[in-house]
Amino acid sequence: MDDDVRNIVLGVIATAVSGGFGWFSRTYLWRRALRRKQAFFGLPTGSDCLFVANRQMGGTDSSLHRHDAFALLEISALIKDCGANVQIVTHDTARQGFGERAEFCVGGPVSNTRTTAHLASMLPGVQIDVSTQAGPDRGAIHVAGETYRWEKGVVEHVVLARLTAGRGSRPVFLLSGQTATSNQAAARYLAKHHERLARVYGGGAFCLVLKVVNSQAYGPDVTELVADVTGPARTPAAAAV
């Protein structure tokens with residue numbers, strides 16, 4: 001074998017080895033990222049999860065606001081990426097405990113009775129005004145000594161929480177917004193920042209207050225983290241005073 005042929009053969013071998021190593025590295029990193037994502041959402045391959053839909057304010061019991069439907073689409077993409085299956089139920093037909101399978105519960109307590117149950121049992125330090133009369137505190141979120149009010153189309157808030165019933169249980173993700181737009185904003189925030197949230201909180205619980213800025217102009221796209229209220233939210237309001 002002359003030098004030219006040998007150089008060509010060695011080049012082909014080097015290219016194959018390099019390509020194979022690159023493929024292996026990319027596959028390893030992709031699988032590791034997938035495992036972390038599945039662990040954070042409690043969605044191993046082939047598992048089932050629950051999406052609890054609220055009802056549209058002012059609509060029928062089975063109607064869904066379009067922004068809540070968009071939130072469902074945002075979350076469905078996450079579920080599909082994890083290789084899991086989703087069952088969609090309305091808030092008034094979800095009759096089961098939590099921890100057996102992952103759950104995504106969307107909507108505030110006025111439009112979602114399951115949100116009311118989750119707040120009472122797992123986030124007793126969060127108080128949400130459920131009055132239907134117009135006023136400055138309508139829909140306001142009270143937690144950690146702060147009050148987060150909303151002004152339609154200008155400032156809206158949403159509670160985004162990851163809740164667990166104990167070690168080994170599947171998480172509940174609660175997206176309790178003052179409006180349907182803020183519900184979608186929380187879903188989009190969760191999809192965009194789940195890696196950072198997993199690094200900060202691991203497999204534990206958290207409760208965040210997010211602010212949606214000028215939704216009239218920007219929709220759910222401009223969302224800011226206002227406060228991490230994990231500790232106060234899990235402490236009964238009377239005990240926190």
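Positions within a chain are numbered from 1, following the residues in the order the chain's sequence is written. Given that the model is predicted, a residue must reach a pLDDT of at least 70 before its local features are reported, and side-chain atom pairs must reach 80 or more before they are shown or counted; all residues, however, enter totals for whole chains, interfaces and linings. Heavy atoms from the whole structure form the basis of all side-chain values; hydrogens and water molecules are not counted.

(A) Broad picture of the sheet that holds strand 4 (residues 127-128). A pair of strands is labelled paired if DSSP reports no fewer than 2 bridges between them. Under the DSSP-based scheme used, a helix requires at least four consecutive residues in state H or I and a strand at least two consecutive residues in state E, with every element numbered from the N terminus. Strand order in the open sheet formed by three strands is 4-5-6, and the pairing between neighbours is antiparallel. Only two strands of the sheet have a single neighbouring strand rather than two, namely strand 4 and strand 6 (146-148). Where strand 4 lies against strand 5 (residues 141-143), two bridges are found, and the strand directions are antiparallel. Bridge assignment links Gln127 to a residue of strand 5, and that residue is His142.

(B) Representation of the nonpolar core within the structure. In terms of nonpolar packing, the biggest core is built from 28 residues, with Phe41, Leu43, Ile75, Phe104, Leu175 and Leu190 touching the most fellow members. If you list the elements that add at least two residues to this core, you get helix 1 (3-41), strand 1 (48-53), helix 2 (66-81), strand 3 (102-106), strand 7 (155-163), strand 8 (172-177), helix 4 (180-201) and strand 9 (206-213). It only takes one pair of heavy atoms within 4.5 Å for two residues to be counted as in contact. In this view, Phe41 contacts Leu78, Cys82, Ala102, Phe104, Pro171, Phe173, Leu190 and His194; residues no more than four positions away in its chain are not counted. If you look at the next biggest cluster of nonpolar residues, it comprises 23 residues, including Cys105, Ile128, Ile141 and Leu163. Here, the term nonpolar core denotes a set of buried Ala, Val, Leu, Ile, Met, Phe, Trp, Tyr and Cys residues that are joined through side-chain atoms within 4.5 Å. Accessibility here uses a 1.4 Å probe with only protein chains present; expressed as a share of the type maximum, an area under 20% marks a residue as buried, one over 50% as exposed, and anything in between as partly exposed.

(C) Structural context of the sheet that holds strand 10 (residues 223-228). Strand order in the open sheet formed by seven strands is 2-1-3-8-7-9-10, and the pairing between neighbours is mixed. Looking at strand neighbours, the two that pair on one side only are strand 2 (85-90) and strand 10, the edges of this open sheet. Ignoring strand direction, the axes of neighbouring strands in this sheet form an average angle of 20°. Contacting strand 3, strand 7, strand 8, strand 9 and strand 10, helix 4 runs over the sheet at an angle of about 45° to strand 7. In this analysis an axis means a line fitted to C-alpha atoms, helices contributing only their contacting stretch, and an angle means the value between N-to-C directions, from 0 to 180 degrees.

(D) Geometry of the pattern of salt bridges. What counts as a salt bridge is simple: a side-chain nitrogen of Lys or Arg found within 4 Å of a carboxyl oxygen of Asp or Glu. Under the criterion given, the structure shown has six salt bridges. Its salt-bridge partner being Glu103, residue Arg114 comes within 2.8 Å of it at the nearest N-O pair. You can see Arg114 sitting in helix 3 (residues 113-122) and its partner Glu103 sitting in strand 3, a full eleven residues away along the chain. In this structure, a network of salt bridges that share partners links the residues Glu74, Arg188 and Asp221.

(E) Spatial organisation of the side chain of Arg114. Using a relative accessible area of 8% as the deciding quantity, one classes Arg114 as buried. Not counting residues up to four positions away in its chain, the partners in contact with Arg114 are Val52, His91, Ala94, Gln96, Gly97, Glu103 and Cys105.

(F) Quick look at the environment of Phe70. With respect to the helices and strands, Phe70 occurs in helix 2. Taking relative accessible area as the criterion, Phe70 reaches 32% and is therefore assigned partly exposed. Separated by 111 residues in sequence, Phe70 and Thr181 place their C-alpha atoms 9.1 Å apart.

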